[in-house]
Amino acid sequence: MKPKLLAWVVWAALAAMLALASVATAQTSLIPGYTSGTTEEAPPEGDLAGAIRSATEAGASVIVIDSAGQVVSTTSGPDTPEESSTDPMGEGSQLMKAQERFSKFQESVNSRLQALPYSVFEVQYILRQTSPDGRIQTYVEVLGWNILFLLLGRWLSIEIYAKRIAKRWVVARIKDNPQGYREKMPFLVFRFIMGIGATVFAMLMALIVGYLFFGEAEDISIQFTVTAIFTAFFLSRTVSDLWRMVLSPYLSQYRLPPFSDRDAKRLYIWASVLATYDISVVLFSTWVADFGLNYNVYAMVYGSLTLAGALGNVLMILFNARAISNAIRGGRAPDQVSWILRFISFAWAPVLILYMVFSWFRLAVDLVLEVHDSIPIVASSYAIFMSVVVAYGAMNYLLERYFDRNRAIEEMNAQAPDPDMPADDEQVVVTPEAEMRRHSILTYEDLARRVAGILAFVVGIYALVVIWNPQASWSEDLPIERALDVMVILFIGYILFHFFRIWIDSKIAEEEEDSGGEAELGDEGGEGGQSRLATLLPLFRGAILAVVVVTIALIVLMELGINVSPLFAGAGVVGLAVGFGSQTLVRDIFSGAFFLMDDAFRKGEYIDIGDVKGTVEKISVRSFQLRHHLGALNTIPFGEIKVLTNYSRDWVIMKLPLRVTYDTDVEKVRKLIKKLGQELLTDPVIGENFIQPLKSQGVIEMQDSAMIIRVKFMTKPGDQWLVRKKVYQEIRELFAREGIRFAHREVTVRLADGKEAEDLTPKQREAVTGAVQAAIDEDYLDDIGPGGDDR
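The residue numbers shown here count from 1 along each chain, following its written sequence. The predicted origin of the model limits local features to residues at a pLDDT of at least 70 and limits the giving and counting of side-chain atom pairs to 80 or more, whereas totals for whole chains, interfaces and linings rest on all residues. As a rule here, side-chain values come from all non-hydrogen atoms in the structure, and water together with hydrogens is ignored.

Visitor: How should the overall build of the protein be read in this particular structure?
Guide: When helices and strands are tallied, the protein shows 20 helices and 10 strands. Residues counted as buried form 33% of the 791 residues belonging to the protein. Working rule for contacts: check all heavy atoms of both residues, and any pair within 4.5 Å makes them a contact. Taking the intrachain contacts of the protein between residues at least 6 apart in sequence as the baseline, contacts between residues at least 24 apart amount to 70%. Looking at the protein as shown, the accessible area adds up to about 49,100 Å², and 62% of this sits on carbon and sulfur atoms. Helix and strand assignments follow DSSP, with helices taken as H or I runs no shorter than four residues and strands as E runs no shorter than two, numbered in order from the N terminus. Per-residue accessibility, obtained with a 1.4 Å probe over protein chains only, is compared with the maximum for each type, and a residue is labelled buried under 20%, exposed over 50%, and partly exposed between these values. Residue burial considers only the protein chains on display, and all accessible areas are found by Shrake-Rupley using a 1.4 Å probe.

Visitor: I would appreciate a short explanation of empty space enclosed by the protein in the present structure.
Guide: Taking a probe equal in size to a water molecule and rolling it over the atoms shows the remaining empty space. Here a cavity denotes a set of grid points, spaced 1 Å apart and computed over the protein atoms alone, in which a 1.4 Å probe fits but from which it cannot get out, and a pocket denotes an open set meeting protein on both sides within 12 Å along at least five of seven lines; residues with an atom within 4 Å of a point are reported as lining. Grid points are joined across faces, edges and corners, and a volume is the space filled by probe spheres set on the points. The full count for this structure, using the stated rule, is one cavity of 30 Å³ or more. In this model, the largest cavity occupies a volume close to 50 Å³. What lines the largest cavity is Met185, Leu188, Met245, Val246, Leu256, Val389, Val390 and Gly393. Mapped onto the lining of the largest cavity, the elements with two or more residues apiece are helix H5 (180–214), helix H6 (220–247) and helix H10 (374–402). In terms of residues, the lining of the largest cavity owes the most to one element, H10, which gives three residues. Per-class residue counts for the lining of the largest cavity are seven nonpolar, one polar and no charged. Each residue gets one of three labels, nonpolar for Ala, Val, Leu, Ile, Met, Phe, Trp, Tyr, Cys and Pro, charged for Asp, Glu, Lys and Arg, and polar for the others, Gly among them.

Visitor: Whenever I open this one, the sheet that holds strand E8 (residues 652–660) confuses me. Can you help?
Guide: Pairing between sheet strands relies on hydrogen bonds along the backbone, with the strands arranged either parallel or antiparallel. The three strands lie next to each other as E8-E10-E9, forming an open sheet whose pairing is antiparallel. Every other strand in the sheet has two partners, leaving E8 and strand E9 (690–702) as the edge strands with one partner each. Each neighbouring strand pair of the sheet contributes to a mean axis angle of 20 degrees, computed without reference to strand direction. The rule for pairing is simple: two strands pair if DSSP sees at least two bridges between them. Note that E8 and strand E10 (residues 707–715) share nine bridges and pair antiparallel. Each residue of the ladder has a partner; that of Val652, found in E10, is Thr715. Relative to E9, helix H18 (residues 666–681) is tilted by about 165 degrees, and along the sheet it contacts E9 and E10. Note on definitions: angles span 0 to 180 degrees between N-to-C directions of axes, and those axes are lines fitted to C-alpha atoms, for helices only across the stretch in contact.

Visitor: I would appreciate a short explanation of the packing of aromatic side chains in the present structure.
Guide: We describe a pair of aromatic rings using the distance from one ring centre to the other and the angle between the two ring planes. Two aromatic rings from Phe, Tyr or Trp, using only the six-membered ring of Trp, form a pair when their centres are within 6.5 Å; if the ring planes differ by under 30 degrees the pair is stacked, by over 60 it is edge-to-face, and anything between is tilted. One pass over the structure, following the stated rule, counts 17 aromatic pairs. A centroid spacing of 5.8 Å and a plane angle of 40 degrees characterise the contact between Phe149 and Phe213, whose relative ring orientation is tilted. Note that Phe149 is positioned in helix H4 (residues 137–171) and Phe213 in helix H5, a separation of 64 residues in sequence. For Phe149, a relative accessible area of 6% gives the class buried. Of the residues examined, Phe213 reaches a relative accessible area of 57% and is grouped as exposed. Their ring planes at 20 degrees and their centres at 6.0 Å tell us that Phe284 and Trp287 sit as a pair that is stacked.

Visitor: I'm lost on the packing of helix H7 (residues 261–290) against helix H8 (residues 295–328) in this one. Help?
Guide: Any two packed helices are characterised by the angle at which their axes cross and by the distance between the axes. Two numbers describe how H7 lies on H8: the axes approach to 10 Å, and their chain directions differ by 170 degrees. As judged from the angle between their axes, H7 and H8 are roughly antiparallel. Taken together, the residues that form the contact of H7 with H8 break down as 20 nonpolar, six polar and three charged. An angle counts as roughly parallel when it lies under 35 degrees, as roughly antiparallel when it exceeds 145, as roughly perpendicular when it falls between 65 and 115, and as oblique in every other case.

The structure is reproduced here in structure tokens:
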């Protein structure tokens, strides 16, 4: 053992000395301007390479270092390629790299076209050598027999598996009117699984029949060919079942996208046929490549077949573009959707066509340059699309199951009769505004659906980018990393914005429902307003949403590397400038804040501020809007309010003057009014509106032609107008039954000097008529009181 050990030590020492000598030589030859003490020149490049090669063959690792201590090249063994200098093209511009790539592409195309005739003979030779009987037609016969066996297995699958086994399970699960993903997805997934079972059953039948006819295949080339054929059949049937699950062409009640029956069947046939073709092309090209056939033939076959597939996909887009655009919009017209959804519904087709054209050209270039990642780009893009569609459906199914409890509660509430709901025979007219509100984000479920759609879209885009550029390093590229961070922040801000908006809107809706809802258009006003919380929540909503938007904007700016401290200082300066320069604005804001803190009025209440009166319809930071009962809308700054009268708080007393003749029995009228007031308390329409019953206040005024008897009653705010109409009607009927006469307005005109009315001139008659009308108007204004009442 000792002589062998000694020999190993000597050999290692010699190798180490040779490596040190190589390093020393490299250092002297790589130092700029270096010369030795003699006139000898540095060793040539060939000597250095030979020294390095000798050292690596001896098993030593060689590291070449220049005078600055930088590593020039490293070798770890005899199989490691040697590079003593960098490629100058590697440091060139993108234009130079593109030119170099184009030159290589052009040279490669010319060389492959020249070698193509000889490649055909090579392919024929290889196929004859790999064929078990030396004939190329053997593979064609294998293909034909297996297709025949698969068709027979498919027929047996339909007759045995589908009609006698799967049919009773599938048909038993069919519903006439399934609702949403939670009822549709389980059936569609179950039918898809049963379809996979049918495909496996057909393949088993085909294998059994093939075994009975030809026995077990022993040749490896025949086995590989049969495996490729069966794999293509299984994948094509699986993709067809996926399209059937998505489009449901023959069960319209289970269809997820809003396609018509005709459009769904047409798109299903297009998609299934093209998927079968694309899968067959990929597997046939794989078969050609794995058999070791000439690469020129493989590139030509694969490129030409994929070109036909790309043209077929373009035709599918063109023939189904209208139906798919309508499905993207959810079956709505373009003017009933948001601008971004309308843009997507029109832009998807040209973008997808350009993507397919570019993908094929990229595939052609990769095939010519022998880049071996072409098949994943074609196949994975299709797989990503189907995965995103299925994943989106699965997410919607989980969301609907999560919100199933709330939906059940709503359905239970909907079982109670609602007097505001139209009858079954009434036709409901849906306006475009109502249609847009129905499809907007109104609930947490709508927000979750929108987030699920955005996530599915982003994941699909990310996977597509990774497929096209698998070597991309997102974390090392600072601009891309910051852009991704900004998009994530904006996405989180989008969720928070709508989350708070939905929460506040739901609280406002609850408060409005508790307060009886909004008044109908044309109401006379004065009804009780909404709660204080319903009045203040819209202001809080604006403030909270503004805080969310400003916070997200500041975070985005900080993520982009912008210093936000000067923004705060500038905001303070702007605030001071606004405070000094816009004192009216500040007064309006503070006045409104104190009015709302004092609970002076609420939304929906009827108020009078002197010059303007009406129902409070909207409240903002510096002003509010009053809707007059005749329709006029007035906007009043808070700072302009001097006196505010609220007609919608607690209770209202309505006083009604009655003109009767002087021979009326006042006591009898009092008793009749009192009895009528007790009867009105039991009235089914207005009885519950009374706080105090109708009663008489006696004679309050004596006029020339009548006595004024006043009656009064107390109701809840806003109910006095309905009660007043009923009281007037009942009093008129009561007085008619009891023989009590209303006094009509009379004006006595005395003519001087004993003149008669026939003796008056036309001018005198006009003067008398004007005096009479003025007296009547003055008397009427005295009755209704100051300010008038035009309601």
